[in-house]
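Residue strings, one per chain:
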Amino acid sequence: MEKNMDQLAVNAIRVLSAEAVEKAKSGHPGLPMGAAPMAYTLWSRVMNHNPKNPAWRNRDRFILSAGHGSMLLYSLLHLFGYNLNMEEIKQFRQWDSQTPGHPEYGHTVGVETTTGPLGQGIANGVGMAMAESKLAAQFNKETYSVIDHYTYVLAGDGCLMEGISAEASSLAGTLGLGKLVVLYDSNDISIEGSTSLAFREDVKKRYEAYGWQVLQVKDGNDIEAIQEALEKAKSEKERPSLIEVVTEIGYGSPAKQGKASAHGEPLGAENLLEAKKFLSWQEEPFILPKEVDQVREATEVEGMKKEAAWEMMLEEYFEKFPEKEKEWEMWFGNTGIKEALEDKSLWNFEKADATRSASGEMINRLAGVLPNLVGGSADLAPSNKTLMKDREDYLPNQFHGSNLRFGVREHAMAAIGNGIALHGGLVPYVATFFVFTDYMKAAMRLSSLMKQPLTYVLTHDSIGVGEDGPTHQPIEHLMALRSLPNMIVFRPADGKETAMGWKLALMERETPVSLVLTRQKLPLYEKTGEEALKGAYILEDAENGKPDILLMATGSEVELVMGAAEILKTKGYQPRVISMPSWELFESQSQEYKDRVMPPEIRKRVAVEAGSTLGWYKYVGLDGKVIGLDHFGASAPAGVLFEKFGLTVDNVVEASLSLF
């Protein structure tokens, strides 16, 4: 591009972003106006992408971690020919538009991940870079680099203040992810004013300490310097790169640039006119000069050319290595998952054990049939039982490994897992103690929002943790996750139900699954199995088939209601035991099925779960009883805790009898 064309395109991004925010009467013009030169330079001169095929497998990924500056991304998508038309730009932040307030994956073409909660995008980028390196190690051959792309993240001061960015960046430096490049929009402004109010560390030294290459561009308007820094970042193969680009927020608005007021409010009609004058902008609102069509045309031609060359290389690769074509389809086409789901022997389980151990067994079975299964724990693999025994670790210069070592970084782990899932080609899982979903909740929410099939292995699920005490005993966590839209929470009662939980995780390609598992050993029941996929089912029925009371429970507490049922039978009652591993799955069943399991006319009901009672009254009604915990736990052996807190067979029997 000619120099004057570059400037025209950069100003087009600035003006279009400011106009959209002004029309919406809300939004964030400051970042798009200040960061426009670095974003444009990346998209026009450095990044490999094809607007005609946004899903090109070997494209470079771009993440706007500072998602509040979404109009920057929408302006880029429009300018570079991603089928985001001007009418959608005009509808910025409006109902049913393709230009929501923050970028949303699966909603707007070209958006690689949902961002807005600051720092998440950096961690997603780490996950994408990890996925790229793993797939490259798996498929690339000499002269055939069929997986060879970069992940670029544009982040702001706010992203780098968030703890998740520290977690993720530390891991990225440890792993030596050379194809991860973060553009740091360093403008020294946050919503409250100067970043010096709360953010004074030397970011460059911090990232050097993480093991990153750190570069700086002192003038955020210097396109040539930005390109030079990007090329230098690409040439560094052993370390991720942070490029600090010193910018002025709201650049182009004489009244607003460099001020906090440019961050999150429209410029105002008068200031917008002044900005256009400052930028020598002559066009009517939402009209771009014809000259900038050259940007789209050149990018489309170059993008199609690069993808065509890659397709030709891939075809030659498959001809030379025919065994890799089937493998490619298994990894990217999920044929391995389809075959695993059809293998009935894979899901058989005949051992009484803790459900965390049953899950560990399933992980290793799946590792034998799913070569693209990857995952790990936040420094808890021995406790979570998540290590694939016949697989190597994923480590620096050992990117072919499958066991991911996240360290004690729960929040980043979940967001990195999202990035791996978003990248494609791998089947990821992440794990920690159930209580630490508190640390991961923001990323888990985004898994659900983005419909990503990430499996969460969450062990030590109750006061069964025992001596570790209340800090490690989850109480409210089941209800917190159950309240999360598009998250399936599955708390199995034995090994067979655990196997079904893993089957579910593979079946669900647009829903994350949380497997909530015990530390303590549980019995194996004769009638558990496939029925668990309905969410709730009759585990033990009344002897005459006509129950007079319903006993329901999840996980380890199924043992209590089974024991109580036996005692009630000796007293002449007709109990029905319902195992209910997943509320979400049960709610998805037909009303006929739900009424068959829980007949509406049977109002005597008892539910048992070692956690908050919140929500259970939907199933037991006003006439029923819930035995649970609406207080924190304590430090003592698990058996003692269950007895002290009333989670016993005798207490279930007493509660049941009180209903008659």
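The coordinates are above.
Values in this document were obtained by computation on a predicted structure and should not be read as measured data.

(A) Spatial organisation of the environment of Asn334. Mapped onto the secondary structure, Asn334 falls in the loop between α12 (322-332) and α13 (335-342). In this structure the C-alpha to C-alpha distance between Asn334 and Val427, which are 93 residues apart in sequence, comes to 8.8 Å. Not counting residues up to four positions away in its chain, the partners in contact with Asn334 are Glu329 and Arg509.

(B) Up close: the packing of helix α5 (residues 120-139) against helix α16 (residues 410-423). Relative orientation of the contacting elements α5 and α16 amounts to 55 degrees, with a least axis distance of 7 Å. Our classification of the angle between α5 and α16 gives oblique. Crossing hand, α5 versus α16: right-handed. Contact residues: Gln120, Ala123, Asn124, Val126, Gly127, Met128, Met130, Ala131, Glu132 and Leu135 in α5; His411, Ala412, Ala415, Ile416, Asn418, Gly419, Ile420, Leu422 and His423 in α16. Here the contact of α5 with α16 is composed, by residue class, of eleven nonpolar, seven polar and one charged.

(C) The arrangement of unusual backbone geometry in detail. Backbone geometry places Thr143, a non-glycine residue, at a positive phi of 75 degrees. Within the fold, Thr143 resides in the loop between α5 and β2 (151-156). With a phi close to 65 degrees, Asp188 is a non-glycine residue in the positive phi region. Given a relative accessible area of 45%, Asp188 falls into the partly exposed group.

(D) Representation of the pairing of strand β15 (residues 513-516). Judged by which residues are buried, β15 turns out to be covered on both faces: Val513 and Leu515 on one side and Ser514 and Val516 on the other are all buried. Direction of pairing for strand β13 (residues 455-459) relative to β15: parallel, over a ladder of four bridges. The partner of Val457 across the bridge, within β15, is Leu515. For strand β14 (residues 488-490) and β15, the ladder comprises three bridges, and the chain directions are parallel. Pairing of Val489 across the sheet is with Ser514, part of β15.

(E) Molecular detail of the layout of surface pockets. Empty space within the largest pocket amounts to approximately 630 Å³. Taken together, 32 residues form the lining of the largest pocket, with Arg57, Tyr105, Leu422, His423 and Gly424 sitting closest to its centre. Counting residues per element, the ones that place at least two in the lining of the largest pocket are α11 (293-320), α12, α16 and β12 (427-433). Of the residues that constitute the lining of the largest pocket, the class distribution is 17 nonpolar, nine polar and six charged. Viewed by domain, the lining of the largest pocket spans two of them, domain 1 (5-302) and domain 2 (335-516), each represented by three or more residues. Space inside the second largest pocket adds up to approximately 340 Å³. Taken together, 23 residues form the lining of the second largest pocket, with Gly158, Ile189, Ser190, Ile191 and His263 sitting closest to its centre. At the level of elements, α6 (157-161) and β4 (189-190) are the ones that each hand at least two residues to the lining of the second largest pocket. A total of four residues in the lining of the second largest pocket trace back to one element, the largest contributor, which is α6.

What counts and what doesn't
Residues numbered from 1 in each chain as written. Predicted model: local features only at pLDDT ≥ 70, side-chain atom pairs only at ≥ 80, totals over all residues. Heavy atoms only, no water. Helix = DSSP H or I, 4+ residues; strand = E, 2+ residues; numbered from the N terminus. Contact = heavy atoms within 4.5 Å. Axes fitted to C-alpha atoms, helices over the stretch in contact; angles between N-to-C directions. Parallel < 35°, antiparallel > 145°, perpendicular 65-115°, else oblique. Left-handed = near helix turned anticlockwise from the far one by under 90°. Nonpolar A, V, L, I, M, F, W, Y, C, P; charged D, E, K, R; others polar. Buried < 20%, exposed > 50% of the residue type's maximum accessible area, 1.4 Å probe, protein only. Pairing = 2+ DSSP bridges. 1 Å grid on protein atoms, 1.4 Å probe; cavity = no way out; pocket = protein on both sides within 12 Å on 5 of 7 lines; lining within 4 Å. Points joined across faces, edges and corners; volume = space filled by probe spheres on them. Domains from an automatic or database assignment.

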